[in-house]
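Structural characterization, general
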Amino acid sequence: MKAAFLTEINKPLIVKDTDIPKPGPYEVIIEQEYTGICYRDILTYEGYFPRVKLPIIPGHEIAGKIIELGENVQGFKVGDRVASLIYIPCGQCKNCKLGLENLCRNKLTYGEDVNGGYAKYVKVHVNSLVKIPRKASIENAVIAACLTGMLIHALKYRAKIRKDDWILVTGAGGGVGIHAIQIAKALETKVIAVTSSEWKVNKIKEVGADHIIVAKDGFVEEVKKITDNEGVDVVIESVGQPTFEQSFRSVKWGGKVIAIGNVKVQPVQVNLGLLILREVAILGSLSSRKREVREALRLASKGKIKPIIDSIINLEEVNEAYTKLKNKGAIGRIFIKLT
């Protein structure tokens, strides 16, 4: 089979032939049709995850059909359609036993610690697997862990949003932001979308944003006008340092900023006076758990989530796709078609 390999940090990925993996105990082999490119893949490529084991097949958006079972696999069979978490939880630690497997300190991440999804056949541990409902498409399954499930975790379980809350989404035209709008609307909230790209406005409107702000610099005053000078209940901060201060100042008294993205990997400054006097909460949100992947797939099977696919590329075009993503040239997710 062909696979893309990261062999050196900040060097182009190399596409070459490699053996189809064989499953070990508690492992399965999944045949994929598509995989997605996440901005975390670019951060891995740039060296921001120093524990990455080179050479490695990148990618963690994994879904497909089981074609082979290893020893001791229970609850799954050949032919099952499955989606994978972006990591392998150990299943034994306190967090795993509490259903907080995203916080497992022993977890291994696909595309960083073990080979990932930029290949047609992927070896996946049974601890990572969730069955795909019959009515959910494989495209929805590809993004169920890293995108839609992650956003359910952020909005429903970290932010604890309520019906009719005001939600602000930064980076609204990116892969995370445009799906955050869909999830927020599925959870019956009102959404203000912020983008720096005028050309993305029509697509952002199409997925359901109630208000769209095109902002090269600030957006606080516009947010205050929309919310009768109150501010929003929750900010989904998918960008990080470039928009964080504006997001922080856009939240209402007692509101929450949920940090899920960090595209520039730079520190941010926090005005402690405003943090204290407004009783604002700043919360991190990490990945998804099986429960949220299942919720995302249920919403998808009901037609409430539709994957926004910017383009479908061949594996040989992966380096060009990285450049496009870094330059804000994509609306939604770039998929790799695997042959």
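Residues numbered from 1 in each chain as written. Predicted model: local features only at pLDDT ≥ 70, side-chain atom pairs only at ≥ 80, totals over all residues. Heavy atoms only, no water.

**Brief notes about the nonpolar core**
Here is a general trend for soluble globular proteins: nonpolar side chains tend to be buried in one another's company. Ranked by size, the top nonpolar core spans 30 residues in total, and within it Ile167, Val169, Ile181 and Ile236 carry the most contacts. At the level of elements, α4 (144-158), β11 (166-169), α5 (175-186), β12 (190-195), β14 (232-237) and α10 (290-301) are the ones that each hand at least two residues to this core. Looking at which element gives the most residues to this core, the answer is α4, with 6 residues. Residues within four places of isoleucine 236 in sequence aside, it is in contact with Leu151, Ala154, Leu155, Ile167, Leu168, Val169, Thr170, Ala180, Ile258 and Ile260. Counting residues in hydrophobic clusters, the runner-up holds 23 residues, among them Ala3, Leu6, Leu13 and Leu325. (Core = buried A, V, L, I, M, F, W, Y, C linked by side-chain atoms within 4.5 Å. Buried < 20%, exposed > 50% of the residue type's maximum accessible area, 1.4 Å probe, protein only. Helix = DSSP H or I, 4+ residues; strand = E, 2+ residues; numbered from the N terminus. Contact = heavy atoms within 4.5 Å.)

**Some points on the pairing of strand β4 (residues 34-37)**
Side chains Tyr34 and Gly36 project from β4 onto one buried face, and the interleaved Thr35 and Ile37 project onto a second face that is buried too. The sheet contact formed by β4 and strand β18 (residues 333-337) spans 4 bridges and is antiparallel. Residue pairing in the sheet places glycine 36 in a bridge with phenylalanine 335 of β18. (Pairing = 2+ DSSP bridges.)

**Observations regarding the packing of α4 against α5**
Here α4 crosses α5 at 60°, and the two axes come no closer than 9 Å. Classified by the angle their axes make, α4 and α5 are oblique. Here the hand of the crossing between α4 and α5 comes out right-handed. For the pair formed by α4 and α5, the contact residues are Leu147, Thr148, Met150, Leu151, Ile152 and Leu155 on the first element and Gly175, Val176, His179, Ala180, Ile183 and Ala184 on the second. A class-by-class count of the residues in the contact of α4 with α5 yields 9 nonpolar, 3 polar and no charged. (Axes fitted to C-alpha atoms, helices over the stretch in contact; angles between N-to-C directions. Parallel < 35°, antiparallel > 145°, perpendicular 65-115°, else oblique. Left-handed = near helix turned anticlockwise from the far one by under 90°. Nonpolar A, V, L, I, M, F, W, Y, C, P; charged D, E, K, R; others polar.)

**Observations concerning a nonpolar patch on the surface**
Taken together, the side chains of Val268, Val270, Leu272, Ile276, Leu277 and Ile282 define a hydrophobic patch exposed on the protein surface, amounting to about 550 Å² of accessible area. With 3 residues, helix α9 (residues 272-277) is the single largest residue contributor to the nonpolar patch. For valine 268, the position within the fold is in the loop between β15 (251-259) and α9. A relative accessible area of 37% places valine 268 in the partly exposed class. (Patch = residues over 30% accessible without salt bridge, like charges linked within 9 Å, V, L, I, M, F, W, Y side chains within 5 Å. Areas by Shrake-Rupley, 256 points an atom, 1.4 Å probe, with all protein chains shown as cover. Salt bridge = Lys/Arg side-chain N within 4 Å of Asp/Glu carboxyl O.)

**Description of the sheet that holds strand β17 (residues 309-314)**
Reading across the sheet, the 3 strands line up as β4-β18-β17 and stay open at both edges, with mixed pairing between neighbours. Of all strands in the sheet, those bounded by a partner on one side alone are β4 and β17. The average undirected angle you get between the axes of adjacent strands in this sheet is 30°. As paired strands, β17 and β18 are joined by 5 bridges and run parallel to one another. What sits directly across from isoleucine 312, in β18, is phenylalanine 335. Each of β4, β17 and β18 is contacted by helix α11 (residues 318-326), which is oriented at about 155° to β17, the strand it contacts most.

**Looking at α10**
The end-to-end C-alpha distance of α10, which contains 12 residues, comes to 16 Å, matching closely the 16 Å that a straight helix rising 1.5 Å per residue would cover. Within α10 the residues assigned to the buried category are Lys290, Glu292, Val293, Glu295, Ala296, Leu297, Leu299 and Ala300. Buried residues in α10 make contact with β6 (81-84), β10 (129-131), α3 (138-142) and α4. Positive phi appears at glycine 303, one or two residues downstream of α10, with a value of about 80°. (Expected span 1.5 Å × (residues − 1).)

**Side note on the packing of aromatic side chains**
Per the stated rule, a full pass over the model turns up 3 aromatic pairs. Ring geometry for tyrosine 34 versus phenylalanine 335: centroids 5.8 Å apart, planes at 45°, classification tilted. Remark: phenylalanine 335 occurs in strand β18 and tyrosine 34 occurs in strand β4; sequence separation between them is 301 residues. Phenylalanine 335 shares its class with tyrosine 34; the two are buried. When the ring of phenylalanine 244 is compared with that of phenylalanine 248, the centres are 6.3 Å apart and the planes differ by 10°; the resulting orientation is stacked. Of this pair, phenylalanine 244 and phenylalanine 248 both sit in helix α8 (residues 241-250), 4 residues apart, which is roughly one turn of that helix. With respect to class, phenylalanine 244 is no different from phenylalanine 248; both count as buried. A cation over an aromatic ring shows up here: lysine 107 above the ring of tyrosine 87, its NZ or CZ 4.9 Å from the ring centre. Directly above the ring of tyrosine 157 sits arginine 289, whose terminal nitrogen or CZ lies 5.2 Å from the centroid. (Phe/Tyr/Trp six-rings, centres within 6.5 Å; stacked < 30°, edge-to-face > 60°. Lys NZ or Arg CZ within 6 Å of the ring centre and 35° of its normal.)

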